Amino acid sequence: MNIFAWTYIIVTFTFILYIGIAIWARAKSTGEFYIAGKGVNPVLNGMATAADWMSAASFISMAGIISFSGYDGSVYLLGWTGGYVLLALLLAPYLRKFGKYTVPDFVGDRYYSQTARVVAVLCAIFISFTYVSGQMRGVGIVFSRFLDVSIDVGVIIGMLIVFFYAVMGGMKGITYTQVAQYCVLIFAFMVPAIFISLLITGNPIPQLGFGSETLNGGYLLDKLDGLNSQLGFAPYTDGSKSTLDVFFITAALMVGTAGLPHVIVRFYTVKKVSSARISAGWALLFIAILYTTAPAVAAFSRFNLIETVSEAEYDKVPKWFKTWEETKLIKFEDKNGDGKIQYTGPKSEIENELTIDKDIMVLANPEIANLPNWVVGLIAAGGLAAALSTAAGLLLVISTSVAHDLFKKGWKKDLSEKKELLIARIAAGFAVIIAGHFGMNPPGFVAEVVAFAFGFAAASFFPIIIMGIFSKRINKEGAIAGMISGIGITAAYIIFFKFLFPELNSTENWLWGISPEGFGTVGMVVNFIVAITVSKFTPAPPEEVGEMVEKIRIPVGAGESHEINA
Amino acid sequence: MKHQEKHKIYWRKNLQYLSILLSIWFVVAFLISIVFRESFDSIQIAGFKLGFWFAQQGSIYVFIVLIFVYVYLMNKLDKSFNSDEDKG
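Every value quoted in this text rests on a predicted model; they were computed, and no experiment measured them.

What counts and how
Residues numbered from 1 in each chain as written. Chains lettered and ligands numbered in written order. Predicted model: local features only at pLDDT ≥ 70, side-chain atom pairs only at ≥ 80, totals over all residues. Heavy atoms only, no water. Helix = DSSP H or I, 4+ residues; strand = E, 2+ residues; numbered from the N terminus. Rg over C-alpha atoms; globule rule 2.2 N^0.38 Å. Buried < 20%, exposed > 50% of the residue type's maximum accessible area, 1.4 Å probe, protein only. Areas by Shrake-Rupley, 256 points an atom, 1.4 Å probe, with all protein chains shown as cover. Lys, Arg positive; Asp, Glu negative; His and termini not counted. Charge placed at Lys NZ, Arg CZ, Asp CG, Glu CD. Contact = heavy atoms within 4.5 Å. 1 Å grid on protein atoms, 1.4 Å probe; cavity = no way out; pocket = protein on both sides within 12 Å on 5 of 7 lines; lining within 4 Å. Points joined across faces, edges and corners; volume = space filled by probe spheres on them. Nonpolar A, V, L, I, M, F, W, Y, C, P; charged D, E, K, R; others polar. Polar contact = N/O pair within 3.5 Å; in protein donor to acceptor, adjacent residues only side chain to side chain. Buried area = accessible area lost by both parts, 1.4 Å probe. Salt bridge = Lys/Arg side-chain N within 4 Å of Asp/Glu carboxyl O. pLDDT = per-residue confidence, 0-100. Axes fitted to C-alpha atoms, helices over the stretch in contact; angles between N-to-C directions. Parallel < 35°, antiparallel > 145°, perpendicular 65-115°, else oblique. Core = buried A, V, L, I, M, F, W, Y, C linked by side-chain atoms within 4.5 Å.

**Thoughts on the overall build of chain A**
In terms of helices and strands, chain A carries 23 helices and two strands. Taking 24 Å as the expected radius of gyration for a compact globule of 566 residues, we find that chain A reaches 24 Å, a close match to that expectation. Residues counted as buried form 62% of the 566 residues belonging to chain A. Entry remark: accessible area of chain A is about 19800 Å², with carbon and sulfur atoms responsible for 65%. Side-chain charges in chain A split into 41 positive and 42 negative, and the spacing between the mean points of these groups amounts to 13 Å.

Given below as structure tokens:
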């Protein structure tokens, strides 16, 4: 059977599976719609969180980015896993104990302020929309590359599927579909990885093959360092970013991860505080399976690519090269007219003739390594699972923010549960359509706004939630001033370099050499400092707030009364 | 009053665990993997330079262990303070 047939069969099978689960697990109450009725098993919640977290970017792009940037790519590996330690230790258990539905709920109650709640809602909606547009685009791209339909048709199919199970099932439907999607995506990622590891090093475990000798002798990483230097790139294990910048980007991604609303809300879905802690552990374990494999895949595919194309005669390149050339993900221009492919880096004297899109490292990997057709079919299903699961989680945050935080808590406090549920569903429906629109007509700055999403989460939610739990003295004036100044400075910096003066976006012009991607860390520090200072000079929060903080800190049932201790 | 005392000790113990575990987190993720990476890279184990390995593999394993250790410590603490949710 050919690649096309395999892809169709596997993708159709997985879609039927997701829809089946959605019908089985549809939500009947707002509790089920928002947080799956708090009845999710921690291991399954960990799996769902992992699928929710690992987006099209993790599945398709991350290994490719690492492959081309070597050590510098570590910022994503460290940042997107290290954030879970912060989540498990500093956020998840307390937010679960708090026990309401959303992050803005916490902000609004802890800082006894409607303004704080609204700022939080707007941040949540903005972050989620940014993210979800990228996912829809990812769905469209996978469809168009593997199933031979246009990107727009791909986006529409993706919209219909997500619409079906997010609108009907709410958090409950999403959670159980995400469990299935995790299984699909991890299988799809691991199978080619194991094959390629075997092929290059003879070791079936990619994490070990990564540090092994290649079949022709010599350690893989040493050989890569050599090949990279020879072709004029920075050595693979060294990278070219400054240490300070790597530090700040890593910190921004970690803190941003811990502050993303669609990740935080997952910890509201479990039964107990102790389950919230352990499910963060399971989530990281499931994520780590992909995240420790990705750098290995990155190294294998880099090696494979250089061995295959460098100095190869263009007429004799393997078939995959031409297939992907048609999609314009590979571009070759024979500048010196010798009929051979010169692939060189910035430090080389020979002109580079080859441009390769980073996504190709995962998408074309099975073909480059000559793997069986069904493996190629798996990649499409895996990419779709990753994109759909993340999109669904984000759509839920948007619909909850609108129905619960704005309608119910904002201006219609007497809203009946039935109506609230209806509004949540309508909001989810609208969100799907808007996301689909952006997926079909992506604003040119999708890649740029991702830096925004993490920077915003780092500079807004993380600090005020942490202070809300670990300090009783931070008041509403401090929290609002902190959030606004943190977001303000981060946004100003990113807008300046990404939108207003992109030509200035280089190390010499950056403040202390920190790139816009890493500036969320500065925003976070500013938020902390401003919030603490302003709180010092304004009245302490009312006594009930101190009591509430006390309750959040202790896992025991909320019914107990506590003496005030402000 | 008794409750309050107990909660204070519980919370102090929790903060103590947090500071130890987060220090390890910081050392592994930021010091070994980033700031002093080059010095650690001079040590090579099999095909891996140590600093590079921590940045792309080791840190992630340490993160998992940290969370599970925290879960273990807190569950024990909850039991000893009888603030176990099942009984509470």
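Read on for the rest.
**Structural notes on the overall build of chain B**
Looking only at helices and strands, chain B has three helices and two strands in total. Across chain B, helices and strands are ordered from the amino to the carboxyl terminus as α-α-β-β-α. For chain B, the proportion of its 88 residues judged to be buried stands at 50%. For chain B, the proportion of contacts with a sequence separation of at least 24, taken over those separated by at least 6, is 58%. Within the structure as shown, chain B displays about 4500 Å² of accessible surface, and the carbon and sulfur contribution to it stands at 66%.

**Regarding the layout of surface pockets**
Residue and element names in this part refer to chain A. Counted as a void, the second largest pocket has a volume near 480 Å³. Examining the composition of the lining of the second largest pocket, we find that five residues originate from one element, helix 14 (residues 319-326), more than from any other. A breakdown of the residues in the lining of the second largest pocket according to their chemical character gives 10 nonpolar, five polar and five charged.

**Remarks on empty space enclosed by the protein**
All names here are of chain A. Tallied over the entire structure, the rule returns three cavities of 30 Å³ or more. Computed from the structure, the largest cavity encloses a volume of approximately 90 Å³. In terms of lining residues, the largest cavity is bounded by 13 residues, among which Thr102, Pro261, Val265, Val397 and Thr400 are the most central. Secondary-structure elements contributing two or more residues to the lining of the largest cavity are helix 6 (103-110) and helix 17 (373-411). Classifying every residue of the lining of the largest cavity gives eight nonpolar, four polar and one charged. Around the second largest cavity sit Phe189, Pro192, Ala193, Ile196, Val297, Val362, Asn365, Pro366 and Ile379, which together line it. Of all elements in the fold, only helix 8 (151-201) and helix 16 (365-368) reach the threshold of two or more residues within the lining of the second largest cavity. In terms of residue count, the dominant contributor to the lining of the second largest cavity is helix 8 (four residues). Grouping the constituent residues of the lining of the second largest cavity by class yields eight nonpolar, one polar and no charged.

**Considerations on the side chain of Thr390 of chain A**
Residues and elements named next belong to chain A. Mapped onto the fold, Thr390 is located in helix 17. Residue class for Thr390 comes out buried when judged on its relative accessible area of 0%. Separated by 3.0 Å, the side chain of Thr390 and the backbone oxygen of Ala386 make a polar contact. Setting aside residues no more than four positions away along its own chain, Thr390 makes contact with Ala51, Asp52, Trp53, Met54, Ser55, Tyr131, Gln135 and His262.

**Section: the interface of chain B and chain A**
Listed per partner, the contact involves 48 residues of chain B and 58 residues of chain A. Interface of chain B and chain A: buried area, both sides summed, is about 4700 Å²; carbon and sulfur atoms make up 68% of it. In this structure, the connection of chain B to chain A is made through two salt bridges. The salt bridge involving Asp78 of chain B is made with Arg277 of chain A; its shortest N-O contact spans 3.4 Å. The interface formed by chain B and chain A includes eight residue pairs in polar contact (both at pLDDT 80 or more). Of all the secondary structure elements, the ones that give two or more residues to the side of chain B that touches chain A are helix 1 (2-35), helix 2 (37-41), strand 2 (48-49) and helix 3 (50-80) of chain B.

**Quick word on the confidence of the model for chain B**
Residues and elements named next belong to chain B. On average, chain B scores 83 in pLDDT, and the residues at 70 or more come to 90%. The least confident element of chain B, judged by mean pLDDT, is helix 2 at 80; the most confident is helix 3 at 89. Both scores are available for the predicted complex, with the pTM at 0.86 and the ipTM at 0.90.

**Observations concerning helix 20 (residues 461-470) of chain A**
Judged by how many residues are buried, helix 20 of chain A sits mostly within the fold: nine of 10 residues are covered. Residues Phe461, Phe462, Pro463, Ile464, Ile465, Ile466, Met467, Gly468 and Ile469 of chain A constitute the buried set of helix 20 of chain A.

**Observations regarding the packing of helix 1 (residues 3-24) of chain A against helix 8 of chain A**
Residue and element names in this part refer to chain A. One can describe the packing of helix 1 onto helix 8 by two numbers: an axis separation of 8 Å at closest approach and a directional angle of 100 degrees. Taken together, helix 1 and helix 8 sit at an angle that is classed as roughly perpendicular. Between helix 1 and helix 8, the residues in contact are Thr14, Phe15, Leu17, Tyr18, Ile19, Ile21, Ala22, Ile23 and Trp24 and Ile157, Ile161, Phe164, Tyr165, Met168, Tyr176, Thr177, Ala180, Gln181 and Val184, respectively. Considering only residue class, the contact of helix 1 with helix 8 consists of 16 nonpolar, three polar and no charged.

**Re the pattern of salt bridges**
All names here are of chain A. Considering all chains together, one arrives at five salt bridges over all chains under this definition. Of the charged contacts, one joins Arg117 and Asp109 as a salt bridge, the two residues approaching to 3.5 Å between their closest N and O atoms. The class of Arg117 is buried, set by a relative accessible area of 5%. Using a relative accessible area of 23% as the deciding quantity, one classes Asp109 as partly exposed. Through salt bridges that share partners, Asp105, Asp109 and Arg117 make up one connected network.

**Regarding the nonpolar core**
All names here are of chain A. Trp53, Phe59 and Tyr291 are the most contacted members of the largest nonpolar core, which totals 209 residues. A total of 21 residues in this core trace back to one element, the largest contributor, which is helix 8. Here Trp53 is in contact with Trp80, Tyr84, Tyr131, Thr257, Leu260, His262, Val263, Ile287, Tyr291, Thr390 and Phe454, once residues within four sequence places are set aside. Phe248, Phe497, Trp510 and Val522 belong to the second largest nonpolar core, which has seven residues in total.

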